[in-house]
Amino acid sequence: MQPIICVEGVTKAYNESAPILQDVTFKVEPGQFTAVVGPSGCGKTTLLRCIASLMQPDTGSVLHRGQQFKEPPSWLSIVFQDYNRSLFPWLTVRKNVAFGLRDKNGRAERVLAALRSVGLEHAADLYPWQLSGGMQQRCALARSIVVTPQLLLLDEPFASVDAQTRTDLQDMVMDICRRMSLSALLVTHDIDEAVFMADKVVVLSTRPARVVEEIEINLPRSRDQLSTKESPEFLHLRHRVYTLVRQQAHKSTIVASTDRT
Ligand SMILES: Nc1ncnc2c1ncn2[C@@H]1O[C@H](COP(=O)(O)OP(=O)(O)OP(=O)(O)O)[C@@H](O)[C@H]1O
Ligand SMILES: [Mg+2]
């Protein structure tokens, strides 16, 4: 089967003097959970924007099952870090989730099923400002899965919640992806999270971002916050990813200090 997403030689610059992405190439296979890690500001969100067709690469291409596509397609959903800005404060949870569903057939049932998947059915008639941060992010997640996408793009979706909520959300997203046979592409700063959740971790370099290494994460599923994270295999993979990211972060510090001199 063709990859869900094939990123081929993608290069992108916002202006000529500062390339952001340089010849980025990798694939997301059907059902695969891929995590992208890299130094702060290296171009991860820019990469997601190119993949979602929110912007076009300068060179290279993004293919879905071997085909080019334009405009954010219906088989793809995005969850951003900033749930405050992604939910409509004047709509209830139920209406926020229903918002993206153009097809009215079975709408109420589909919304309810999505809310159930994230454990929010009891909060359907509340407004976003009546929810905790974790509940708001679960609402954003329900809205992204109600359209039954094939691919979930997650841009630091757990960065604004406390540590306990974060691990709960990790488990919830992995469970949803498994049940819905969803492919996912997660951008995260958190190396533990990347290794814990993913089948493959793509490590990006400092800006301009290119792929430094792709690391297969062959840890068995289902994964457990304690036993998986305590296993020697997990610790070994975490060490490897951490070392690569640290090397890149170190390079960006050197570049920054050279810029200042
Ligand atoms: N619309 C834009 N116009 C001009 N420059 C931009 C724009 N969006 C981002 N940039 C610049 O591109 C670079 C990469 O930004 P991007 O947000 O893709 O990085 P990131 O890896 O997601 O960062 P972070 O780790 O902080 O989330 C940054 O230097 C940023 O200032
Ligand atoms: Mg970003």
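Residues numbered from 1 in each chain as written. Chains lettered and ligands numbered in written order. Predicted model: local features only at pLDDT ≥ 70, side-chain atom pairs only at ≥ 80, totals over all residues. Heavy atoms only, no water.

Draft legend 1. Local environment of the site of ligand 1. Taken together, the residues surrounding ligand 1 are Tyr14, Ile20, Ser40, Gly41, Cys42, Gly43, Lys44, Thr45, Thr46, Arg49, His189 and Arg207. The separation between an oxygen atom of ligand 1 and a polar main-chain atom of Gly43 is 2.9 Å. A distance of 2.8 Å is found between an oxygen atom of ligand 1 and a side-chain nitrogen or oxygen belonging to Thr45. Contact with the protein chains hides 59% of the accessible area of ligand 1, taken as 630 Å² for the molecule alone. Sorting elements by how many residues they give to the shell around ligand 1 places helix 1 (residues 44-51) first, with four residues. Residue composition of the shell around ligand 1, grouped by class: three nonpolar, six polar and three charged. (Near = heavy atom within 4 Å. Polar contact = N/O pair within 3.5 Å; in protein donor to acceptor, adjacent residues only side chain to side chain. Areas by Shrake-Rupley, 256 points an atom, 1.4 Å probe, with all protein chains shown as cover. Helix = DSSP H or I, 4+ residues; strand = E, 2+ residues; numbered from the N terminus. Nonpolar A, V, L, I, M, F, W, Y, C, P; charged D, E, K, R; others polar.)

Draft legend 2. Region of interest: the pairing of strand 2 (residues 18-28). As paired elements, strand 1 (residues 5-15) and strand 2 share seven bridges and run antiparallel to each other. Bridged to Ala13 within strand 2 is Pro19. Count of turn residues in the strand 1/strand 2 antiparallel hairpin: two residues. (Pairing = 2+ DSSP bridges.)

Draft legend 3. Broad picture of the sheet that holds strand 7 (residues 151-155). Read across the sheet, six strands follow the order 6-7-8-3-9-10 without closing on themselves; strand pairing throughout is mixed. The open sheet has two edge strands, strand 6 (76-79) and strand 10 (211-216), and neither has a second partner. Across this sheet, the average inter-strand angle for adjacent strands is 15°, counted without regard to direction. With five bridges connecting them, strand 7 and strand 8 (residues 183-187) associate as parallel partners. Among the inter-strand pairings, Leu152 is bridged to a residue of strand 8, identified as Ala184. Sheet strands in contact with helix 1 are strand 3 (33-37), strand 6, strand 7, strand 8 and strand 9 (200-204), and its direction is about 155° off that of strand 7. (Axes fitted to C-alpha atoms, helices over the stretch in contact; angles between N-to-C directions. Contact = heavy atoms within 4.5 Å.)

Draft legend 4. Geometry of the environment of His189. Tracing the sequence through the fold places His189 in the loop between strand 8 and helix 7 (191-197). In this structure His189 comes out as partly exposed when scored by relative accessible area, which is 46%. Discounting chain neighbours no more than four positions away, the residues touching His189 are Gly38, Ser40, Lys44 and Glu156. In terms of polar contacts, His189 uses its side chain to reach the side chain of Glu156, at 2.7 Å. (Buried < 20%, exposed > 50% of the residue type's maximum accessible area, 1.4 Å probe, protein only.)

Draft legend 5. Geometry of the pattern of salt bridges. Enumeration according to the criterion identifies ten salt bridges in this entry. Notably, a salt bridge pairs Asp190 with Arg166, separated by 3.6 Å at the nearest N-O pair. Taken together, the positions of Asp190 in the loop between strand 8 and helix 7 and Arg166 in helix 6 (residues 163-179) put the pair 24 residues apart, joining distant regions of the chain. Residue Asp190 is classed as partly exposed on the basis of its relative accessible area of 24%. Between Arg166 and Glu193 there is a salt bridge, with the nearest N and O atoms lying 2.8 Å from each other. Within this pair, whereas Arg166 is found in helix 6, its partner Glu193 is found in helix 7, the two being separated by 27 residues in sequence. Looking at Glu193, the relative accessible area reads 1%, which means it is buried. Ionic contacts of the salt-bridge type, sharing partners, join the residues Arg166, Asp190 and Glu193 into one network. (Salt bridge = Lys/Arg side-chain N within 4 Å of Asp/Glu carboxyl O.)

Draft legend 6. Layout of the pairing of strand 1. Across four bridges, the pairing between strand 1 and strand 4 (residues 59-64) is antiparallel. Opposite Thr11, over in strand 4, you have Thr59 as the bridge partner.

Draft legend 7. Molecular detail of the packing of aromatic side chains. With the rule as written, the count across this model stands at four aromatic pairs. Ring geometry for Phe69 against Trp75: centres 5.0 Å apart, planes inclined by 80°, an arrangement best described as edge-to-face. By relative accessible area, which is 13% here, Trp75 ends up buried. Here Phe88 and Trp90 contribute two aromatic rings whose centre-to-centre distance is 5.2 Å and whose plane-to-plane angle is 35°, an arrangement assigned as tilted. Aromatic ring contacts, followed pair by pair, group Phe88, Trp90 and Phe99 into a single cluster. Of note, Arg143 hangs over the ring of Phe88, and the distance from its end group to the ring centre comes to 5.7 Å. The ring centre of Phe196 lies 4.7 Å from the NZ or CZ of Lys229, which sits over that ring. (Phe/Tyr/Trp six-rings, centres within 6.5 Å; stacked < 30°, edge-to-face > 60°. Lys NZ or Arg CZ within 6 Å of the ring centre and 35° of its normal.)

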